[in-house]
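Take a look at the letters that make up each chain.
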Amino acid sequence: MNRQAKCKTPRRPPKKPSSNQKDPVGVYCRVRPLGVEDEECCIEVISSATIQLHAPEGFKTNRNGEYKETQYSFKKVFGVSISQIELFEHVAKPLVDDLIHGKNGLLFTYGVTGSGKTFTMTGSPGQGGLLPRSLDMIFNSIGPYQAKRYVFKTDDKNGMEVQNEVDALLERQRRENNSSIPKSSSSRQKLDPEIADMIKSEEAYKTEGVDEDSSYSVFVSYIEIYNNYIYDLLEENQEDAIKPKWNGGGTPLRQNTEFTPPQSKTLREDQNHNMYVAGCMEVEVKSAEEAFQVFWRGQKKRKVANTRLNRESSRSHSVLIVKLAQAPLDADGDNILQDKNQVTVSQLCLVDLAGSERTGRTGAEGTRIREAGNINQSLLNLRTCIEILRENQLCGTNRMVPYRDSKVTHLFKNYFDGEGKVRMVVCVNPKADDYEETLLVMRFAELTQEVEVARPVDRPICGFTPGRRHRNQAFKEELSRKLDERGGPIDGDVPSVINSMVHCLPPLPSSELADPNDDITLPRLIEALHNRHRIRQMMIDEYNNAANRMKSMLQELDNNLISKENLIHEQNGKLVDKDKIIQNNKAEIERLEKRTKTQEHKIDILQKTTKIYEDDQRTLKYELETREQRLQREQSDKRRLEQRMQGVVTDTQYKWEKECDRRVNAMQLEMQNKLWVKDEKLKQLKAIVTESKTPGRPDPPPRQTQRQPQSQPQSQPQRQTQPQRPSREERLPAKRSASPSPVPTVTPVRPLHRRSRSAGGEKWVDHKPSSSLDLGTVLQPVIPNSIQVSTPSEKALSKCDRYVLTHQEVASDGEIQTQLIKGEVIKTRGGGQAVQFTDIETLKQELTTVPRRKRKSSEGTPANGDHTDGGWTDVETRCSAAVEMRAGSNLGPGYEHHGITKRRKP
């Protein structure tokens, strides 16, 4: 059948639409039985065209807390109890009928891995699937009308050529001679035990209305699409697509850097713009057994692997292409018409798609992950093409369909463009574990049903008189019968006919020559031969005349019969046309009725949905108003709360300010009390120093020592001038001046412990940095029995018990302030020394406007009363700016207090 190319670019001639009528893609659903009876089921068959999906327990529910149930409709649903023959009758049988009548067909199985796709397509012993039953039906229909082998010959461009019987015979002999192992007829019919009983004889089907005036021939090719590469499964030396190629040295090719990818087949476009696999082997078969044997040989080479969900999981998409070539007989009905344009080629593609899978469930690793990714990607591309086709048809858009993104879609693009019928069998597994994948499969099937494919046109009828083959056979049988009745030749009786004809001729005279000069015998023999030749010629002429008369009579009868048959055929054609019109009208009425029912059902559903949406809208509107009122109340409450909190914050801030003032006043009072305690101690010290002097004893010579303003228990300051030792009476304690009572929380003063100078006392490490400045004052801190160092060392610390550090810094009034940081030297367990600081003394110079008071000396006092500097300065003056800090006291290091000048005792 000549197919005009579909217009794809402006360069190509525009293709006339094949048919104004379109048919939707037929989608069927088959439910696989559960493997375990106790297993949870998520699919329920409601009717012959509808199934319902139930979400399994533990699956995510909808917002109402109920499990979602969804219904899906198909052209027909096959339950778990359906047989293979019933599935074939509804799905594949119409495609085989179209194939024999010159129309193309595409049938593929789709579903999740382990859902029964391969069983549906191939079957098992005793339960043949769609593929073996289709092959059996083809050969049951065209068996008596098959051409001899190699009469039809394929070319390399997806075309078909016709040879005469002589060329076909020569090619058969050449191929048999070239084959290394000759195949006998018995070995050719010997089948694999696994496929020997696929189909039973009582289940055989046959197509009605086969054209008897044509000769047929079947060609089979089998390919697989693995990792988006196309491989021929019928090649004799098929290489493994996973293993790399190796050279003779046992190393991979390409300098051991990478493996050579397996050689795959390419897709090309023929002159009619149909896609085909270039270089693919096409085997001519003459029986269903031989065809299935070829298929089974390629099936063993298909890529399968063991996964967690399927023991023999298909890792590739397999495609069996069945081509049927048919050509009309000549006018005599004896030989095939030698015209390539009269050859019609139709094909049926049976596709077993690999199942979609999730690597998390299958436990795939390494190569299996790459295979699963390619399988899922190709199925996703198929889904994308279906969605865009549906969008273009429903919305009137003209988006480009991405057929070239995948080899599967690119190979079958002509079918979706209107080159044949498309059928899909969706296989599902009802177990609960496959619920999510099954849901996606159902959605894809629902989209596919909405895609329409143009209906292919019928094959044009040849101009020769129909019934040629039957009349030719009848003529041969009648001629043989009449010749048999008249004793004429019947195939192998040619010698007897010749003998009878020889006996009918006049006898020959004697041909013996007795004399070389005999002139009578030879002329007589020549005359007899002439007579025999004349009689023979007369018989030939008479036979030719009789044959011509017989031929004319037969032609006349044939013409009369042809005219009557033409009239009958014309009437039958008109009747058939009327019947077709009636059938089309009935089909259109049924379609419209079904569509009306569907629309009414959809209208009911939409009305119910609208009512539900309106109720939801009212509910949501009421809820929205309620929430707005609640929000306004909350906002007003929030504003009141903010005002209340602002007042509380203000009150709390005011309270804390008062509390801080109170605590500051209390702390100042506490510090004032401590200062009063220190003043009292200074008064006691003054009294002790004053009363220890006796006027009758001369003072010892003055010592140039420095005084430390603040006394510590570790060292006693030495005065510059020491008076005479007073008497016992004079050493009585003096009366204390009135002063505020000390605060009870003040730590009592430790009594001073005086050690004898002869005992040696405690040794000090006097650490004075080299940067210390000389203040140039009379009173300087002097530490007796000390080792003065600028940098302390372990040796110096090991010889001493105490440690003092002199530190100078500038005070806030700009004067230099000196701090004496004292501590104890402690021996550590490791044999070293450590310093523990205990006290800090602060020395600071201060200018005063009060004149310095000096003790009047009884000796050498001027009469005019002028004051001169004595041997020592008043204690109050020297202690006017000092404070004592002990370990554990409330005053921290560095605290400084300036005492005021005390009133002298009277």
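Caption draft 1: Structural view of the overall build of the protein chain. When its secondary structure is counted, the protein chain shows 17 helices and 27 strands. For the protein chain, the proportion of its 906 residues judged to be buried stands at 35%. In the protein chain, once contacts between residues fewer than 6 apart in sequence are set aside, the share between residues at least 24 apart is 70%.

Caption draft 2: Fine view of the sheet that holds strand β5 (residues 69-73). Here three strands make up an open sheet; going across it, the order is β3-β4-β5 and the pairing antiparallel. Edge strands, defined here as strands with exactly one partner in the open sheet, are β3 (43-45) and β5. Between one strand and the next, the sheet's axes are offset by a mean angle of 25°, whatever the strand orientation. One ladder, built from five bridges, connects strand β4 (residues 50-54) with β5; its direction is antiparallel.

Caption draft 3: Fine view of helix α9 (residues 367-395). For α9, which comprises 29 residues, the first-to-last C-alpha distance of 42 Å matches the rise-based estimate of 42 Å (1.5 Å per residue) to within 8%. Among all positions of α9, only Glu371, Ala372, Ile375, Ser378, Leu379, Asn381, Leu382, Cys385, Ile386, Ile388, Leu389 and Asn392 are buried. Just beyond α9, the residue with positive phi is Gly396, at close to 75°.

Caption draft 4: Structural context of the nonpolar core. Core analysis: the biggest nonpolar cluster contains 55 residues, and Ile51, Phe74 and Phe412 have the highest contact counts within it. If you tally residues by element for this core, the top one is α9, at seven residues. Apart from residues lying up to four places away in sequence, Phe412 is in contact with Leu106, Val319, Cys349 and Val351. With 45 residues, the next largest nonpolar core counts Leu130, Ile142, Tyr205 and Leu320 among its residues.

Caption draft 5: How the structure looks around the sheet that holds strand β23 (residues 764-767). Strand order in the open sheet made by the five strands is β24-β23-β25-β26-β27, with mixed pairing throughout. On the outer flanks of this sheet lie β24 (786-789) and β27 (833-844), each paired with one strand and no other. Pairwise comparison of adjacent strand axes, ignoring direction, gives a mean angle of 20° for this sheet. Here four bridges tie β23 to strand β25 (residues 802-810), and the two strands are oriented parallel to one another. Across the sheet, residue Val765 finds its bridge partner in β25, namely Tyr803.

Caption draft 6: Focus on a nonpolar patch on the surface. A cluster of nonpolar residues, Phe475, Leu479, Met550, Leu554 and Leu557, forms a patch on the protein surface that exposes about 430 Å² of accessible area. Secondary structure elements with two or more residues in the nonpolar patch: α13 (468-485) and α15 (521-691). Among the elements that make up the nonpolar patch, the one with the highest residue count is α15 (three residues). The topology assignment puts Leu479 in helix α13.

Caption draft 7: Inspection of the side chain of Ser378 at higher detail. Here Ser378 is to be found in helix α9. Apart from residues lying up to four places away in sequence, Ser378 is in contact with His317 and Ser406.

Caption draft 8: Unusual backbone geometry, seen in detail. With a phi close to 55°, Asn227 is a non-glycine residue in the positive phi region. On the secondary structure map, Asn227 appears in the loop between β12 (214-226) and β13 (229-232). If you check the backbone angles, Asn785 has positive phi at about 55° while not being a glycine. Note that Asn785 resides in the loop between β23 and β24. Judged by its relative accessible area of 36%, Asn785 is partly exposed.

Caption draft 9: Structural detail: the side chain of Gln163. Within the secondary structure layout, Gln163 lies in the loop between β11 (160-162) and α5 (165-178). Of note is the side chain of Gln163, whose polar atom sits 2.6 Å from the backbone oxygen of Tyr150. Polar contacts involving the side chain of Gln163 include one to the side chain of Glu171, which spans 3.0 Å. Non-local contacts of Gln163, meaning those with residues more than four positions away in its chain, are made with Tyr150, Val151, Lys153, Ala168, Glu171 and Gln338.

Caption draft 10: Main features of the state of the cysteines. If you walk through the whole model with that rule in mind, you get zero disulfides. The thiol of Cys42 is unpaired, and the distance to the nearest cysteine sulfur, on Cys41, comes to 6.0 Å.

Caption draft 11: Representation of the pattern of salt bridges. Under the defined criterion, the tally for this structure stands at 25 salt bridges. For Glu659, the salt bridge is made with Arg662, and the minimal N-O distance between the two is 2.3 Å. With Glu659 and Arg662 both in helix α15, this residue pair falls three residues apart, about one helical turn. One salt bridge connects Lys674 with Glu670, and the closest N-O pair in it is separated by 3.9 Å. Residue Lys674 and its partner Glu670 are both found in helix α15; the two are separated by four residues, about one turn of the helix. On the basis of relative accessibility, which here comes to 26%, the residue Glu670 falls in the partly exposed class. Members of the salt-bridge network, linked through shared partners, are Glu171, Arg174 and Arg175.

Caption draft 12: Molecular detail of the packing of α9 against helix α12 (residues 435-448). Across the interface, α9 lies against α12 with an axial gap of 9 Å and an inter-helix angle of 35°. In the crossing of α9 with α12, the sense of the turn from one axis to the other is left-handed. Here α9 contributes Leu382, Arg383, Ile386, Glu387 and Arg390 to the contact with α12, which in turn contributes Leu440, Arg443, Phe444, Leu447 and Thr448. The residue inventory of the contact of α9 with α12, partitioned by class, reads five nonpolar, one polar and four charged.

Caption draft 13: Region of interest: the packing of aromatic side chains. Under the definition given, this model contains nine aromatic pairs. Judged by centre distance (5.7 Å) and plane angle (55°), the rings of Phe88 and Tyr205 are tilted. Note that Phe88 is positioned in helix α1 (residues 84-91) and Tyr205 in the loop between α6 (185-189) and β12, a separation of 117 residues in sequence. Judged by centre distance (5.0 Å) and plane angle (50°), the ring pair of Tyr222 and Phe295 falls under tilted. Residue Tyr222 is located in strand β12, and its partner Phe295 is located in helix α7 (residues 288-299); the two are separated by 73 residues in the primary sequence. The class of Tyr222 is buried, set by a relative accessible area of 1%. Phe295 sits in the buried class, given a relative accessible area of 2%.

Caption draft 14: The pairing of strand β20 (residues 344-352), seen in detail. For β20, the tally of buried residues reaches eight of nine residues, placing the bulk of the element in the interior. In the sheet, strand β7 (residues 104-111) pairs with β20 via five bridges, with the strands oriented parallel. Among the inter-strand pairings, Gly105 is bridged to a residue of β20, identified as Leu348. Sheet analysis places strand β19 (residues 317-328) next to β20, joined by nine bridges and oriented antiparallel. When the bridges of β20 are listed, Val319 appears paired with Val351.

Caption draft 15: A look at the pairing of β12. With respect to burial, β12 is a largely interior element, 13 of its 13 residues being buried. Along β12, one buried face is formed by Ser214, Tyr216, Val218, Val220, Tyr222, Glu224 and Tyr226 and the opposite face, lined by Ser215, Ser217, Phe219, Ser221, Ile223 and Ile225, is buried too. Both β12 and β19 contribute to a ladder of 12 bridges, which runs antiparallel. Paired with Val218 across the two strands is Leu324, which belongs to β19. Pairing analysis gives three bridges linking β12 to strand β16 (residues 283-285), with the strands arranged antiparallel. Looking at the pairing, Val218 lines up with Val285 of β16. Relative to β13, β12 runs antiparallel, the two being bridged by four bridges. Each residue of the ladder has a partner; that of Tyr226, found in β13, is Tyr229. From the end of β12 to the start of β13, which pair antiparallel, there are two residues, and Asn227 there has a positive phi angle of about 55°.

Basis of the calculations
Residues numbered from 1 in each chain as written. Predicted model: local features only at pLDDT ≥ 70, side-chain atom pairs only at ≥ 80, totals over all residues. Heavy atoms only, no water. Helix = DSSP H or I, 4+ residues; strand = E, 2+ residues; numbered from the N terminus. Buried < 20%, exposed > 50% of the residue type's maximum accessible area, 1.4 Å probe, protein only. Contact = heavy atoms within 4.5 Å. Pairing = 2+ DSSP bridges. Axes fitted to C-alpha atoms, helices over the stretch in contact; angles between N-to-C directions. Expected span 1.5 Å × (residues − 1). Core = buried A, V, L, I, M, F, W, Y, C linked by side-chain atoms within 4.5 Å. Patch = residues over 30% accessible without salt bridge, like charges linked within 9 Å, V, L, I, M, F, W, Y side chains within 5 Å. Areas by Shrake-Rupley, 256 points an atom, 1.4 Å probe, with all protein chains shown as cover. Salt bridge = Lys/Arg side-chain N within 4 Å of Asp/Glu carboxyl O. Polar contact = N/O pair within 3.5 Å; in protein donor to acceptor, adjacent residues only side chain to side chain. Disulfide = S-S within 2.5 Å. Left-handed = near helix turned anticlockwise from the far one by under 90°. Nonpolar A, V, L, I, M, F, W, Y, C, P; charged D, E, K, R; others polar. Phe/Tyr/Trp six-rings, centres within 6.5 Å; stacked < 30°, edge-to-face > 60°.

Everything listed here is a matter of geometry and, on its own, says nothing about what the molecule does.
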